[in-house]
Each structure stands twice: as C-alpha cells, then as structure tokens.
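Now for the letters of each chain:
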Amino acid sequence: MAARSGGFLLLLLLLLLLGLAARGPAAAAAAKMKVVEEPNSFGLNNPFLPQTSRLQPKRDPSPLSGPAHLFRLSGKCFSLVESTYKYELCPFHNVTQHEQTFRWNAYSGILGIWHEWEISNNTFRGMWMRDGDSCRSRSRQSKVELTCGKSNRLAHVSEPSTCVYALTFETPLVCHPHSLLVYPALPAALQHRWDQVEQDLADELITSQGYEKLLRALFEEAGYLKTPEDSDSLREGGAKALAFQTLENCSEAHRELWKEVRRLRSLLTQHGIPYAQAAETPPSEHGGPRTPTDGTAEQLRGDPGRRGNTL
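Conventions used here
- Residues numbered from 1 in each chain as written.
- Predicted model: local features only at pLDDT ≥ 70, side-chain atom pairs only at ≥ 80, totals over all residues.
- Heavy atoms only, no water.
- Helix = DSSP H or I, 4+ residues; strand = E, 2+ residues; numbered from the N terminus.
- Buried < 20%, exposed > 50% of the residue type's maximum accessible area, 1.4 Å probe, protein only.
- Contact = heavy atoms within 4.5 Å.
- Areas by Shrake-Rupley, 256 points an atom, 1.4 Å probe, with all protein chains shown as cover.
- Axes fitted to C-alpha atoms, helices over the stretch in contact; angles between N-to-C directions.
- Parallel < 35°, antiparallel > 145°, perpendicular 65-115°, else oblique.
- Nonpolar A, V, L, I, M, F, W, Y, C, P; charged D, E, K, R; others polar.
- Disulfide = S-S within 2.5 Å.
- Expected span 1.5 Å × (residues − 1).
- Polar contact = N/O pair within 3.5 Å; in protein donor to acceptor, adjacent residues only side chain to side chain.
- Pairing = 2+ DSSP bridges.

An unreviewed UniProt entry lists the chain under the name N-acetylglucosamine-1-phosphate transferase subunit gamma, with Felis catus as the source organism.

Structure below.
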C-alpha cells in the first residue's frame, strides 16, 4: 500500500514538473514581450493618408526636365534613416523629413520642392529642391547630387548650413561619362543655337560674359533653369498660399478689406454715385471673416453708365 502511494505521489510530482517545464518558456517569453508601434510618418507622398494629414506644399513641382533617361525616377521615392530622422527623396517632386520618435508632436516637414537644375561646364551638377517649409526668415531648400551607384538609393543627407540640405543619390543611370551632359539632352533647335553661340565666341563676336548670358537664356528656354521672373512668381504664389493658413491672418485680411469697402462707399457717396446698401457685419462683430456676395461686388462698382465720373 505504501509503495503504491509512493508511486502515485511520484507520478503526480513528475507530471507537475513536466507542466512547469512546458509553461516556463512561454511565461518567460510573455514576460519579455513588448508591444512596439511604428512611429507615425505624415508624409507628403503617402496616398493612403487623408489630405488633411499630409504635409501641405507651398506650390506644385516644376515640370520634368533634364536628361530623358532620368525621367524613370519620377513617381518613385527613396528613403534613408539617419539618427532619429527619416529622409525621403522623390526625384522631380520633393524632399521630406520625418522624426522617428513617439512624441505626440513629432516633426514632419518639407525640405524642398523640385525647382531647377544646377548646371556648370556643360553638365547637370545637381537638382535643386526649393520653397520648403519656413525656417526662420527663409524657406528650406535641398541640393541633390547624383552619383554613380549599383542601385537607386538615397546614400547620404547632411545640413551644411542652416536650412540648406545636401543629399547624395546613387543610381546606375548616371554611370556613363556622358549621362549628365547638357548638350545631348537639348532639342535639335537649341543644339543648333548653342553651336552658333560657340561659333560667335570663337569669332570674337561676343565676350565670354555675353557667352554665359546666352547659354543661360538657352537653358532657361529648355526648362533646365528658372528665370528670375519665374522664381519670383513661385515665391509670391507660395506667400499667397500661406497667407490665410491661420484665423488671425484671415481676420486681419478681412479687416483690411472692410476698410477698403468703407473707403469705396465714401467715394461713391461723395460723387453722388448710387449703390445698394448690403447688410454686412463689421469684422469686430463676429468671430470670423465673411466674403461679400458677387451681387455686392457688382453694386460697389456703381452704374456702368456713369463710369465716366472721376472718383
């Protein structure tokens, strides 16, 4: 009887040990397991994010330009993680930066939008991405240098000066020694004009300074460089796009418009030009700006038959 009880207890002890051994690794794994979430990346180029969650660019990218064999990079994006930041380059589109942390207000921003090429010595030296997010008193901008590599990849990112970034992009598309030459990329008509400019320089019909100006004009016509007027219009368009991003800016603009409306009404009254009185609320009497109707705008213009009167 005692032997039988001892055997039963031994069997129970053995089963208990086997159960603990089976549960031990699982319990240990459960104790060590952590839930890890991917940091949020509110990208400009993520089509799965709602529009309100994406970064808002100041303007559209410039049209495709340069060597045609590089156009296959358009529509693709390449990323690089350095330190706590993820950089994303989308050739002919933009450069963005995303902070890879779990802070609720992790930074994401635009470091530049495709603008123009940098050209020197008949060679495309780099891609300039300008008009990025505001940085102190100016906009962020990036220069992308294309170098030969076995595959397409964003190899390096640095910030050589405040708000100016330098990116190195490796690609087999530029490994041929002539792959970044400007002349072969030009249309035949512009090639002929360049030939004439070279001949004029050789015949001393133009100075070296005139030669450089003529070449720049040629590159601008090809779309490789932006004219000063184009650059100014892009900056002005960006400034206008950002002007009404806050309620304070909208309210200030509405107050200025209201002053102008009152000034015009005073002039119309002074010169006896009738106009319909529209029921409007001054800016100080409501929380946000209102836009006058098209009918009000027409009424403020006065009677077309009396436009000859001097205000």
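On we go.
**Examining the overall build of the chain**
Counting its secondary structure elements, the chain contains six helices and ten strands. For the chain, the proportion of its 311 residues judged to be buried stands at 32%. In the chain, the share of contacts with a sequence separation of at least 24, taken over all contacts with a separation of at least 6, comes to 49%. Surface accessibility of the chain: about 19,800 Å² in total, with carbon and sulfur atoms responsible for 56%.

**Some points on the packing of helix H2 (residues 188–202) against helix H3 (residues 208–222)**
Direction vectors running N to C along H2 and H3 enclose 175 degrees, while the axes themselves pass 10 Å from each other. Comparing their axes, H3 and H2 come out roughly antiparallel. Note on element contacts: H3 touches H2 through Ser-208, Tyr-211, Leu-214, Leu-215, Leu-218, Phe-219, Glu-221 and Ala-222, opposite Leu-190, Arg-193, Trp-194, Val-197, Glu-198 and Leu-201. Looking at the contact of H2 with H3 residue by residue, the class counts come to ten nonpolar, one polar and three charged.

**Looking at the state of the cysteines**
Going through the model one piece at a time under the given rule, you end up with three disulfides. With its sulfur 2.0 Å from that of its partner, Cys-77 forms a disulfide with Cys-90. Between Cys-77 and Cys-90, the S-S torsion sits near 105 degrees, and that sign places the bridge as right-handed. Taken together, the residues span a long stretch of sequence, with Cys-77 in the loop between helix H1 (2–32) and strand E1 (78–82) and Cys-90 in strand E2 (residues 85–90) at a distance of 13 residues. One disulfide in the model links Cys-135 with Cys-163; its S-S distance is 1.7 Å. Of note, the bridge from Cys-135 to Cys-163 carries an S-S torsion of about -45 degrees and is left-handed in sense. Taken together, the positions of Cys-135 in strand E6 (residues 134–135) and Cys-163 in the loop between strand E9 (153–161) and strand E10 (164–171) put the pair 28 residues apart, joining distant regions of the chain. As far as the burial class goes, Cys-135 and Cys-163 line up, both buried. Indicated for the chain is the disulfide connectivity 1-2, 3-5, 4-6, based on numbering the bonded cysteines in sequence order.

**Details of the environment of Ala-185**
In this fold, Ala-185 is placed in the loop between E10 and H2. The sequence separation of Ala-185 and Pro-67 amounts to 118 residues, and the corresponding C-alpha distance is 5.2 Å. With residues up to four places along the chain from it excluded, the contact list for Ala-185 reads Gly-66, Pro-67, Phe-124 and Tyr-224.

**Some words on H2**
Its 15 residues place the ends of H2 21 Å apart at the C-alpha level, agreeing with the 21 Å of an ideal helix rising 1.5 Å per residue. Turning to H2, the residues buried within the fold contact H3.

**Quick look at the side chain of His-98**
With respect to the helices and strands, the residue His-98 is situated in strand E3 (residues 94–99). Of the polar contacts made by the side chain of His-98, one reaches the side chain of Thr-96; its length is 3.2 Å.

**Notes on the sheet that holds E1**
Strand order across the open sheet formed by eight strands is E1-E2-E3-E4-E5-E8-E10-E9, with mixed pairing between neighbours. Each edge of the open sheet carries a strand with a single partner, namely E1 and E9. Across the sheet, the axes of successive neighbouring strands diverge by a mean angle of 25 degrees, strand direction being ignored. In this structure, strand E4 (residues 108–120) lies alongside strand E5 (residues 123–130), joined through seven bridges in antiparallel fashion. Each bridged residue has a counterpart across the sheet, and for Trp-114 the counterpart in E5 is Met-129.

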